[in-house]
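# Coordinate inspection notes
Here are the chains, one letter per residue:
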Amino acid sequence: MSGQREPLSALIQTAGVQLPPAPAAVAAQGVPGAYSHRACTQLWPQCRPQFYRQFDDVFAAVESGRATVGVLPIENSTEGSVLPVYRLLGLHRLYIVDTTQVAVEHCLLGLPGAALDAVAEVYSHPQALGQCRRFFEEHPHLHPHEYSNTAAAAEMVAAGGDQSIAAIASEVCAELYGLSVLRRGVQDQGRNRTRFIAVMAQPVIAPTADRVSVCAVLPHVQGSLFRFLAQFESQGLNLQKIESRPIPDRDFEFLFYLDFSGNLRQPGLADFLDQLQKSCEYLQFLGNYPDRGHPL
Ligand SMILES: O=C(O)C(=O)C[C@]1(C(=O)O)C=C[C@@H](O)C=C1
């Protein structure tokens, strides 16, 4: 954990006001055709992302200055939080500056000529496999295997030349990697969306920012979570999400990730953040950004 020790209101004052109109370099996880790729072009239609193998590499690229912005999945409407990205937000000191939601329609992709009945092994990102549980229950001859990314799994299937191996990825990957769509819409929920965040090394609070993310460690005493949450109620702030994750070196103590509505440039809100910080063992500011809805 690398929490800010100075009053958070001082950090808020240093934040930029303008979102990058056309960032010089955008980093994303996976390979072309990944859902992260779509998130990048939804945010900046002209951008050509740099792709990295792991989520950690995207954080490292932004931290080192190799990329101006990193784009990462944070939660899915079916499968919930992308926990590795939450963990990395707590470990690093990058700031969420923007968001976008991607409509995720998964397809089973195989080699040209392959048939669904003859496929045995299916590769995809664990989040994507989790979004397709029912499809696997209905097709018990298909064995799911975790892979680093949906599009990377499609690329691997195309290179392997084995008709018994398939991938779960977007339809775009069929065109990109020369695969056939064996089944379209294999996700459990028709309306399946993933929310992505854009992170930068410096905070940016745009005039349209309306969602704040923080991460807190509370004193491990009776009533501390209750008192912490009561502060939001007394300010009339709407809590949008709470995610709790174990602190690895403390037995059964938790790091709380919270999102609440507001723009920290509104009078009194930065002071509220300082008050919140005083009531915690540790409070990290993760960003204040526009909570954009579904573009479709
Ligand atoms: O971007 C991709 O293609 C991924 O494999 C990652 C990821 C995720 O981690 O949530 C992105 C969106 C979908 O929800 C499924 C998988």
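Every value quoted in this text rests on a predicted model; they were computed, and no experiment measured them. (Residues numbered from 1 in each chain as written. Predicted model: local features only at pLDDT ≥ 70, side-chain atom pairs only at ≥ 80, totals over all residues.)

### Here we look at the overall build of the protein chain
What the protein chain contains, in helices and strands, is ten helices and 15 strands. Against the 2.2 N^0.38 benchmark of 19 Å for 296 residues, the protein chain shows a C-alpha radius of gyration of 21 Å, consistent with a compact globule. If one aligns the C-alpha atoms of the protein chain with their principal axes, the spans along those axes are about 65 × 45 × 35 Å. Among the 296 residues that make up the protein chain, the fraction classed as buried is 44%. Partitioning the intrachain contacts of the protein chain with sequence separation of at least 6 by distance along the chain shows that 75% fall at a separation of at least 24. (Helix = DSSP H or I, 4+ residues; strand = E, 2+ residues; numbered from the N terminus. Rg over C-alpha atoms; globule rule 2.2 N^0.38 Å. Buried ≥ 20, exposed ≤ 12 C-beta atoms within 10 Å, placed from the backbone. Contact = placed C-beta atoms within 7 Å.)

### Regarding the environment of Glu146
Mapped onto the fold, Glu146 is located in strand β8 (residues 143-146). Exposure remark for Glu146: the 12 C-beta atoms within 10 Å place this residue in the exposed category. Put simply, Glu146 and His125 are 21 residues apart on the chain and 5.5 Å apart in space, counted from C-alpha to C-alpha.

### Observations concerning the site of the ligand
The immediate surroundings of the ligand are formed by 15 residues, with Ala34, Tyr35, His125, Gln127 and Thr150 found nearest. Listing elements by their share of the shell around the ligand, those giving two or more residues are α2 (35-43), β3 (69-76), α5 (126-130) and α7 (150-160). Along the lines of polarity and charge, the residues of the shell around the ligand split into seven nonpolar, eight polar and no charged. (Near = placed C-beta within 6 Å. Nonpolar A, V, L, I, M, F, W, Y, C, P; charged D, E, K, R; others polar.)

### Section: the UniProt feature "site: Essential for prephenate dehydratase activity" (unreviewed entry) in the protein chain
Mapped onto this structure's residue numbering, the UniProt feature "site: Essential for prephenate dehydratase activity" (unreviewed entry) falls at Thr194. Discounting chain neighbours no more than four positions away, the residues touching Thr194 are Tyr35, Pro73, Asn76, Val102 and Val104. (UniProt positions renumbered as here; feature names shortened; annotations may be inferred.)

### Section: unusual backbone geometry
Residues other than glycine predominantly adopt negative phi, and peptide bonds predominantly adopt the trans conformation. One non-glycine residue, Phe252, lies in the positive phi region at around 55 degrees. Within the element layout of this structure, Phe252 appears in the loop between β13 (239-246) and β14 (254-261).

### Section: the sheet that holds strand β10 (residues 180-184)
With mixed pairing, five strands are arranged side by side in an open sheet as β8-β7-β9-β6-β10. Each edge of the sheet is formed by a strand with only one pairing partner; in this case those strands are β8 and β10. Each adjacent strand pair in this sheet contributes to an overall mean axis angle of 30 degrees, direction not counted. Pairing between strand β7 (residues 121-124) and β8: four bridges, direction parallel. Residue pairing for β8: Glu121 is matched across the bridge by His143. (Pairing = 2+ DSSP bridges. Axes fitted to C-alpha atoms, helices over the stretch in contact; angles between N-to-C directions.)

### Comments concerning the pairing of strand β12 (residues 211-217)
When you tally the buried positions in β12, you get six out of seven residues, the bulk of the element. Across six bridges, the pairing between β12 and β14 is antiparallel. Residue pairing in the sheet places Arg211 in a bridge with Ser261 of β14. Across seven bridges, β12 lies against strand β15 (residues 282-289) in antiparallel orientation. Paired with Val212 across the strands is Asn288, a residue of β15.

### Things to note about the nonpolar core
Within the largest apolar cluster, 90 residues are counted, with the highest numbers of intra-cluster contacts made by Val62, Val71, Leu109, Ala154, Ala167 and Val199. Mapping this core onto the domain boundaries places at least three of its residues in each of domain 1 (8-15 + 22-103 + 194-289) and domain 2 (107-191). If sequence neighbours within four positions are ignored, Val62 has contacts with Ala27, Ala67, Val69, Gly70, Leu94, Val199, Met200 and Ala201. (Core = buried A, V, L, I, M, F, W, Y, C linked by C-beta atoms within 7 Å. Domains from an automatic or database assignment.)

### Thoughts on the UniProt feature "domain: ACT" (unreviewed entry) in the protein chain
Mapped onto this structure's residue numbering, the UniProt feature "domain: ACT" (unreviewed entry) falls at residues 213-290. Between the C-alpha atoms that bound residues 213-290 the distance is 11 Å, and the span itself is 28% helix and 37% strand.

### Section: the domain arrangement of the protein chain
Frequently, the measure chosen for interface size is the accessible area that the parts lose on association. Partitioning the protein chain into structural domains gives domain 1 (8-15 + 22-103 + 194-289) and domain 2 (107-191). Contacts between the two partners involve 14 residues from domain 1, matched on the other side by 19 residues from domain 2. In terms of residue class, the side of domain 1 that touches domain 2 is built from five nonpolar, seven polar and two charged.

### Concerning the confidence of the model for the protein chain
Here the protein chain shows a mean pLDDT of 95. Residues at 70 or above account for 98%. Across the interfaces of the predicted complex, the ipTM metric reaches 0.95, alongside a pTM of 0.95. (pLDDT = per-residue confidence, 0-100.)

### A closer look at helix α10 (residues 269-278)
Inspection of α10 places Ala270, Phe272, Leu273 and Gln277 among the buried residues, and these make up the whole buried set. Projection of α10 onto a plane perpendicular to its axis shows the buried side chains occupying an angular sector of 150 degrees, all on one side. The inward-facing, buried residues of α10 abut α1 (8-13), α9 (224-235) and β15. (Arc of directions from axis to C-beta.)

### Things to note about helix α3 (residues 55-64)
For α3, the complete set of buried residues consists of Phe55, Val58, Phe59, Ala61 and Val62. On an axial view of α3, the arc spanned by its buried residues comes to 160 degrees, and they lie on one face.

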